[in-house]
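Each chain is listed here by its residues.
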Amino acid sequence: MNSLIIKLQDRLNGLFPGLIVVGTIAAAAGFLSLHYKAPVMLFALLIGIAFNFLATDERCAQGIEFSSKKILRFGVALLGFRVTLDQILGLGTNVLLLVPILVLSSITISWFIAKLMGRRYLFGLLTACAVSICGAAAALAVASVLPNWKDRHRDTLFVVVCVTALSTFAMIAYPILFSVGGFSDVEIGILIGATIHDVAQVVGAGYAVSNETGDVATFIKLLRISMLPFIVIIIALLLKGDDELGTISPKAFPWFALGFALCLIVNSIGFIPQMLTGFLADISQWFLVFAIAGLGISTSLKSMMELGGKSIALMVLQTVALLGIAVLAVSTDFI
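Residues numbered from 1 in each chain as written. Predicted model: local features only at pLDDT ≥ 70, side-chain atom pairs only at ≥ 80, totals over all residues. Heavy atoms only, no water.

Draft legend 1. Seen up close, the overall build of the protein. When helices and strands are tallied, the protein shows 15 helices and zero strands. Counting across all 335 residues of the protein, residues that qualify as buried make up 52%. Across the protein, contacts joining residues at least 24 apart in sequence account for 79% of those joining residues at least 6 apart. About 15700 Å² of surface is accessible on the protein, with carbon and sulfur atoms providing 69% of the total. (Helix = DSSP H or I, 4+ residues; strand = E, 2+ residues; numbered from the N terminus. Buried < 20%, exposed > 50% of the residue type's maximum accessible area, 1.4 Å probe, protein only. Contact = heavy atoms within 4.5 Å. Areas by Shrake-Rupley, 256 points an atom, 1.4 Å probe, with all protein chains shown as cover.)

This is the structure in structure tokens:
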């Protein structure tokens with residue numbers, strides 16, 4: 001018993017310095033986001049990059065790695081408290097069919113675009129899932145089950161930065177674009193929820209049009225988020241046993257994806273008070289901010305710049321492809 005306590009103390013002592021650094025960055029990002037109305041994850045990334053020199057500090061390394069891996073997985077699991085089955089089923093049969101088709105077709109087309117542009121197989125899969133499902137959260141979740149490759153942290157952070165920037169641009173441009181296109185408020189809500197990558201930007205864009213648009217956009221986005229655990233598990237199973245990529249061990253299986261599904265079910269049943277579910281949803285958001293701050297510290301700005309404009313062009317093309325699929329579905333009265 002005493003040996004177990006000593007091991008636990010040693011573990012906590014090893015994690016503490018890094019967690020303090022990551023927590024300070026997350027708190028600073030939250031403060032700046034609150035006062036300057038910009039995405040908190042973007043601030044966490046930028047501040048984290050500025051502290052890249054701490055990534056090689058032995059005192060901080062364990063806590064930083066813990067934040068970018070373990071805390072990340074808890075954060076993704078707790079995302080289940082942001083959606084309920086009633087919200088999903090209340091969208092109607094056609095919408096319930098649209099979102100899985102949209103996500104799967106977007107992932108397929110996005111991966112094919114990456115292949116045509118000569119990008120690494122795993123990098124193409126990472127960008128495709130980030131664009132098609134839920135932006136930064138999807139990028140972090142999918143990266144956690146992909147086999148290791150050179151510059152994995154750099155590539156993941158690049159995707160997070162790029163998808164966040166594209167979401168911010170879309171939040172401003174899409175409401176104007178869809179309004180000029182003559183779509184109704186409900187149709188605009190569907191398009192916003194189906195095409196903007198991150199939740200915060202979906203909410204901002206939707207309610208900038210009308211309350212009805214905001215409600216519809218949020219529900220559609222939550223339905224896209226509900227696809228995340230299934231996609232992560234499918235990817236893990238497909239990569240299992242691949243001689244080129246390595247195997248996925250039981251330890252590496254995405255149990256956090258099943259945790260997401262469990263949280264969604266618990267939230268849907270109403271087993272715990274709404275105030276507590278809201279608190280847990282907020283905890284999920286902050287866990288993801290911690291994870292991104294940890295990734296930011298782990299990756300240098302110089303290494304990110306080495307990816308160049310071709311990788312940015314890839315994600316822009318993938319975003320345009322997603323937009324085209326969604327507009328086609330709404331314009332052809334599929335919904």
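The discussion continues.
Draft legend 2. How the structure looks around the packing of helix 6 (residues 121-143) against helix 10 (residues 211-226). Two elements in contact, helix 6 and helix 10, have axes whose closest approach is 8 Å; the angle formed by their N-to-C orientations is 110 degrees. With respect to helix 10, the axis of helix 6 lies roughly perpendicular. Residues Val131, Ser132, Ile133 and Cys134 of helix 6 form the contact with helix 10, whose participating residues are Lys221, Arg224 and Ile225. Here the contact of helix 6 with helix 10 is built from residues that sort into four nonpolar, one polar and two charged. (Axes fitted to C-alpha atoms, helices over the stretch in contact; angles between N-to-C directions. Parallel < 35°, antiparallel > 145°, perpendicular 65-115°, else oblique. Nonpolar A, V, L, I, M, F, W, Y, C, P; charged D, E, K, R; others polar.)

Draft legend 3. Region of interest: the nonpolar core. Of all hydrophobic cores here, the largest spans 99 residues; its most connected members are Ile133, Leu146, Leu228 and Ile235. Top element by residues in this core is helix 6. It accounts for 18 residues. Of all hydrophobic cores here, the second largest spans six residues; its members include Leu78, Ile272, Leu280 and Ala281. (Core = buried A, V, L, I, M, F, W, Y, C linked by side-chain atoms within 4.5 Å.)

Draft legend 4. Structural detail: the side chain of Ser268. Mapping Ser268 onto the fold places it in helix 12 (residues 255-269). Engagement of the side chain of Ser268 in a polar contact is seen with the backbone oxygen of Leu264, the distance being 2.7 Å. Residues in contact with Ser268, not counting those within four places in the same chain, are Thr84 and Leu85. (Polar contact = N/O pair within 3.5 Å; in protein donor to acceptor, adjacent residues only side chain to side chain.)

Draft legend 5. How the structure looks around the environment of Phe169. Inspection of the secondary structure puts Phe169 in helix 7 (residues 152-180). On the basis of relative accessible area, Phe169 is assigned to the exposed category, the value being 56%. Distance in space between the C-alpha atoms of Phe169 and Gln201 is 9.1 Å, their sequence separation being 32 residues.

Draft legend 6. A look at the confidence of the model for the protein. Averaged over the protein, the pLDDT score is 79; the fraction of residues at 70 or greater is 87%. Per-element confidence in the protein ranges from a low mean pLDDT of 61 for helix 14 (residues 301-305) to a high of 89 for helix 8 (residues 185-195). (pLDDT = per-residue confidence, 0-100.)

Draft legend 7. Helix 5 (residues 93-116), seen in detail. The end-to-end C-alpha distance of helix 5 is 35 Å, a good match for the 34 Å that 24 residues give at a rise of 1.5 Å each. Restricting attention to buried positions, one finds in helix 5 the residues Val95, Leu98, Val99, Leu102, Val103, Ser106, Ile107, Ser110, Ile113 and Ala114. Remark: Gly118 follows helix 5 within two positions and exhibits a positive phi of approximately 75 degrees. (Expected span 1.5 Å × (residues − 1).)

Draft legend 8. Representation of a nonpolar patch on the surface. Taken together, the side chains of Leu85, Leu89, Ile265, Ile269 and Phe271 make up a nonpolar region of the molecular surface, amounting to roughly 560 Å² of accessible area. Of all the secondary-structure elements, those providing two or more residues to the nonpolar patch are helix 4 (85-89) and helix 12. Take Leu89: it is sitting in helix 4. (Patch = residues over 30% accessible without salt bridge, like charges linked within 9 Å, V, L, I, M, F, W, Y side chains within 5 Å. Salt bridge = Lys/Arg side-chain N within 4 Å of Asp/Glu carboxyl O.)

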